[in-house]
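Next come the chains, spelled out residue by residue.
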Amino acid sequence: MAAIEVATAPFDDQKPGTSGLRKKVGVFQQPHYVENFVQAVFDTVDGLAGGLLVVGGDGRYFNERAIQTILKMAAANGVARVLVGQNGLLSTPAASCVIRGRGAAGGFILSASHNPGGPDGDFGLKFNTAAGGPAPEGVTGPIYERTRTIEHYLTVDAPDLDLATRGTAELDGTVVEVVDPVADYGGLMERLFDFAAIRDLFASGFRLRYDAMNAVTGPYAKAILEDALGAPAGTVVRAEPLPDFGGAHPDPNLVHAKDLFDLMMGPDAPDLGAASDGDGDRNLIIGRGRFVTPSDSLAVLAANAQLAPGYAQGIKGVARSMPTSRAADRVAETLGVPCFETPTGWKFFGNLLDAGMATLCGEESAGTGSDHVREKDGLWAVLLWLNVLAARRRSVDDIVREHWRTYGRNYYARFDYEEVDATAATALMDELRGKLEHLLDHKAGGHTVAYADDFAYTDPVDGSTAAKQGVRILFDDGSRVVFRLSGTGTAGATLRVYLERYEPDPAKQDAEVRTALASVIQAAEELAGIQRHTGRTEPDVVT
Ligand code: G1P
Ligand code: ZN
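Scoring rules and cut-offs
Residues numbered from 1 in each chain as written. Chains lettered and ligands numbered in written order. Predicted model: local features only at pLDDT ≥ 70, side-chain atom pairs only at ≥ 80, totals over all residues. Heavy atoms only, no water. Salt bridge = Lys/Arg side-chain N within 4 Å of Asp/Glu carboxyl O. Helix = DSSP H or I, 4+ residues; strand = E, 2+ residues; numbered from the N terminus. Buried < 20%, exposed > 50% of the residue type's maximum accessible area, 1.4 Å probe, protein only. Donors = N, O, S within 2.8 Å, 3.2 Å for Na, K, Ca; no water. Tetrahedral: all angles 85-135°; square planar, octahedral: opposite > 155°, others 65-115°. Phe/Tyr/Trp six-rings, centres within 6.5 Å; stacked < 30°, edge-to-face > 60°. Polar contact = N/O pair within 3.5 Å; in protein donor to acceptor, adjacent residues only side chain to side chain. 1 Å grid on protein atoms, 1.4 Å probe; cavity = no way out; pocket = protein on both sides within 12 Å on 5 of 7 lines; lining within 4 Å. Points joined across faces, edges and corners; volume = space filled by probe spheres on them. Nonpolar A, V, L, I, M, F, W, Y, C, P; charged D, E, K, R; others polar. Axes fitted to C-alpha atoms, helices over the stretch in contact; angles between N-to-C directions. Parallel < 35°, antiparallel > 145°, perpendicular 65-115°, else oblique. Left-handed = near helix turned anticlockwise from the far one by under 90°. Contact = heavy atoms within 4.5 Å.

A. Structural view of the pattern of salt bridges. Within this structure, the stated rule accounts for 36 salt bridges. A salt bridge links R320 to E341, with the shortest nitrogen-to-oxygen separation between them at 3.1 Å. With R320 in strand β15 (residues 318-321) and E341 in strand β16 (residues 339-342), this pair connects stretches of sequence that are 21 residues apart. Salt bridges linked by common partners bring R320, R326, D329, E341, D453, R472, R480 and E500 together as one network.

Quick look at the structure:
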């Protein structure tokens, strides 16, 4: 068997976004589409030839097909060894863990995250570097350039490998090892968290429902929560990864995990409800009768992280994306550690984590994580919550309310206006940007503007900059409204409006969120003219 060279021609749509290539399945099924992108990676990334490569995905439709293609191309391109998750599975954080832990030169992660799957759904292909995180611009730029001129790719003519059975096979001199997708990651979790205390918690009758949404975290959650930590069988529901996620949308929010939410608000609620998305990097945390916003979750975890062995020395700093509520800032201040405000997108945390400047990081969009890997990590967030609950033996609701009494409550909501006419959305943002300098002391919704800008970021580690990351308007009472356009939407524009009001008075911390935010919602409308520009009076989605 020898490498064969196959003639091909460039596609014009292989520019990787922040989450790699993400397209309809049909796009990836075009002949040579996967091959071109993969060859562009082999042609431009150092260390893969003769090195170790990690491959795995979230199990969605086309996962195994794409993996077989990658394995044959890895052999033809002289990769020494490939680790692939059994049945082609690796959650995104587990892939990051394996890449880092095994000293790989990089890895391919096959996933379209929380997007629907199946033949008519989405697929994705992403390359992560040796650090375990998504390839930065300096790596994706050359990959993209290569896809524009590619004329051939290398593969071997060999039968498909058996991915269902663990073990080692050889493909034209390349060793392909099918590994337990959970083992490395499970070991890392065991080092970070007090498994004995969490086992005691379950033994005491504590009840958890973990909804894996028929996506990749099913096997991880079963192995860790049920087998290792002794949670009763059946704790993990929708545990089997399915190619189409059972027809559901694997996004752990209050819309797509509504059954879990309803259970947690009802009379038979267990102590904790949790869920993760298609590829296992997002998380949803709900206590009995208490939904915990991702912004609050980051703050509570930062305040309690030292209860877990992996963070017992204390945290070095916190990082949050700009639109994420400022609840974590108050914790960092009390702990005497820095709080970094970064643009939206996980990649901005990488340098801070590498440099040891931040330990925990999070985004309002259900992403929480730490320096243990270079991706956000859904199951990690659930385990840290379990560790805190095991140490404190109080309810989620108690812990959250006590947190508010100590630090104040940041009432928070995100309004999404989807499929807005792109011109109208741009006009709204341009108009806001045009008047920023004149907003100081301006009154809106009864609040007085204390500060307004278009967020710009300079990375404290490498000095790189990112401008025009969203308009933020701060009021003199600590309230805030942020406007930005989504970078991930697919149809028209998605306007995101982030609303926040700070309430230090414990007697006023029990209001309904929308009621508490009414004056800030009013201020947002007055300042931006959402209805005038978009014709919308109500958001499509509120999170
Ligand atoms: C959204 C989220 C952002 C997250 C990104 C990728 O981006 O808001 O926090 O990092 O998805 O999961 P957006 O559509 O707002 O640009
Ligand atoms: Zn995801």
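B. Examining unusual backbone geometry more closely. Residue M213 is not a glycine yet carries a positive backbone phi of 55°. Phi at E419 takes a positive value of approximately 50°, unusual for a residue other than glycine. Secondary-structure assignment places E419 in strand β19 (residues 409-420). With a relative accessible area of 58%, E419 lands in the exposed category.

C. Structural view of the coordination of the zinc ion (ligand 2). In this structure, S113 (OG), D277 (OD), D279 (OD) and D281 (OD) serve as the protein donors to the zinc ion (ligand 2), at separations of 2.0 to 2.1 Å. If you look at the zinc ion (ligand 2), its 4 donor atoms make angles of 89 to 160° with each other, and the shape they trace is irregular. We note that the donor set of the zinc ion (ligand 2) lies within a single chain, spaced as S-x163-D-x1-D-x1-D. Look at D277 and you get buried, because its relative accessible area is 0%.

D. Structural view of the packing of aromatic side chains. Under the definition given, this model contains 12 aromatic pairs. Judged by centre distance (6.3 Å) and plane angle (80°), the rings of Y311 and W380 are edge-to-face. Here Y311 is found in the loop between α10 (294-304) and β15, whereas its partner W380 is found in helix α13 (residues 378-392), with 69 residues between them in sequence. Each of the two residues, Y311 as well as W380, counts as buried. On the basis of an interplanar angle of 80° and a centroid distance of 4.7 Å, the ring pair of W346 and F349 is categorised as edge-to-face. Pair check on accessibility: W346 and F349 agree, each one buried. Clustering of aromatic rings is evident, with ring pairs tying together F11, F28, Y33, F62 and F123.

E. Broad picture of the environment of D43. Structurally, the position occupied by D43 is in helix α2 (residues 33-44). Using a relative accessible area of 36% as the deciding quantity, one classes D43 as partly exposed. In sequence terms D43 and G369 are 326 residues apart; their C-alpha atoms lie 32 Å from each other. A polar atom in the side chain of D43 sits 2.7 Å from the side chain of R146.

F. Spotlight on the layout of surface pockets. If you add up the space inside the second largest pocket, you get close to 760 Å³. Taken together, 30 residues make up the lining of the second largest pocket; nearest its centre are P134, A135, P136, E137 and K347. Among the elements of the structure, α5 (137-147), α12 (350-354) and β23 (465-466) are those that each provide at least two residues to the lining of the second largest pocket. For the lining of the second largest pocket, the leading source of residues is α5, giving 5 residues. Considering only residue class, the lining of the second largest pocket consists of 12 nonpolar, 11 polar and 7 charged.

G. Region of the structure containing the packing of α10 against α13. In the contact formed by α10 and α13, the axes pass within 10 Å of each other and the chain directions differ by 55°. One element, α10, and the other, α13, form an angle in the oblique class. The crossing of α10 and α13 is left-handed. Contacts between α10 and α13 pair S297, V300, L301 and N304 from the former with L384, W385, V388 and R392 from the latter.

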